[in-house]
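Residues per chain, in single letters:
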Amino acid sequence: MSRTYIAAALRREVIERAGSCCEYCRTRADDRALDFAIDHVIAEKHGGLTQADNLCLSCYWCNSYKGSDLSSVDWEADSAIVPLFNPRSQVWNDHFQLIGVRLVGVTAHDRVPIALLRLNAVERLKERELLLMLGTYPCLSASQ
Ligand SMILES: [Zn+2]
């Protein structure tokens, strides 16, 4: 699999717009040892373009779990196919809230991206607990 070249200026624009935060889990790039990625919100294989309005900053884990997915299934309720959170057209706080160290969906279907991206995996909860104590979580971009 080849990686699409993203010009340095466009990468900078995406990183600055995100405030160096993962736009899915709200973790700061400075708080992770693993590199963040420029994610195609709509993957190229689905016709997504390499342009600012289709790119977001994603941590290694969110990027790995999301892959090229656009949706997933809400197995806890109606087996509906639910679109994933889109940081370019949706506001994070309208879909996710922090309760203790856990991320909880605002609407019932918001549990779908939480499950797909493993936002409440044990290792992420431990990391979040530490970052909350350090006062660096959640990371907020200038637009949040
Ligand atoms: Zn993330």
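What counts as what
Residues numbered from 1 in each chain as written. Predicted model: local features only at pLDDT ≥ 70, side-chain atom pairs only at ≥ 80, totals over all residues. Heavy atoms only, no water. Donors = N, O, S within 2.8 Å, 3.2 Å for Na, K, Ca; no water. Helix = DSSP H or I, 4+ residues; strand = E, 2+ residues; numbered from the N terminus. Buried < 20%, exposed > 50% of the residue type's maximum accessible area, 1.4 Å probe, protein only. Phe/Tyr/Trp six-rings, centres within 6.5 Å; stacked < 30°, edge-to-face > 60°. Lys NZ or Arg CZ within 6 Å of the ring centre and 35° of its normal.

A. Expanded view of the coordination of the zinc ion. The protein atoms that coordinate the zinc ion are Cys22 (SG), Cys25 (SG), Cys59 (SG) and Cys62 (SG), at distances of 2.3 Å. If you list the donors of the zinc ion from N- to C-terminus, the spacing comes out as C-x2-C-x33-C-x2-C. A residue pair is termed long-range when its members are at least 10 positions apart, and Cys25 in the loop between helix H1 (8–17) and strand S1 (37–40) and Cys59 in the loop between strand S2 (55–58) and helix H2 (60–66) qualify at 34 residues. This pair shows no difference in class: Cys25 is buried, exactly as Cys59 is.

B. Highlighting the packing of aromatic side chains. A complete count under the given rule lists four aromatic pairs for this structure. Summarising the aromatic geometry, the rings of Phe85 and Phe96 are spaced 5.2 Å apart at their centres and angled 75 degrees between planes, so their arrangement reads as edge-to-face. Here Phe85 is found in the loop between strand S4 (81–83) and strand S5 (96–99), whereas its partner Phe96 is found in strand S5, with 11 residues between them in sequence. When sorted by exposure, Phe85 lands in the same class as Phe96, which is buried. Centre to centre, the rings of Trp92 and Phe96 are 5.3 Å apart; their planes meet at 45 degrees, and the pair counts as tilted. As far as burial versus exposure is concerned, Trp92 and Phe96 are alike and both buried. One aromatic cluster is present, formed by Tyr60, Trp61 and Tyr65 through successive ring pairs. The ring of Trp92 has Arg26 lying over it, and the distance from NZ or CZ to the ring centre is 5.9 Å.

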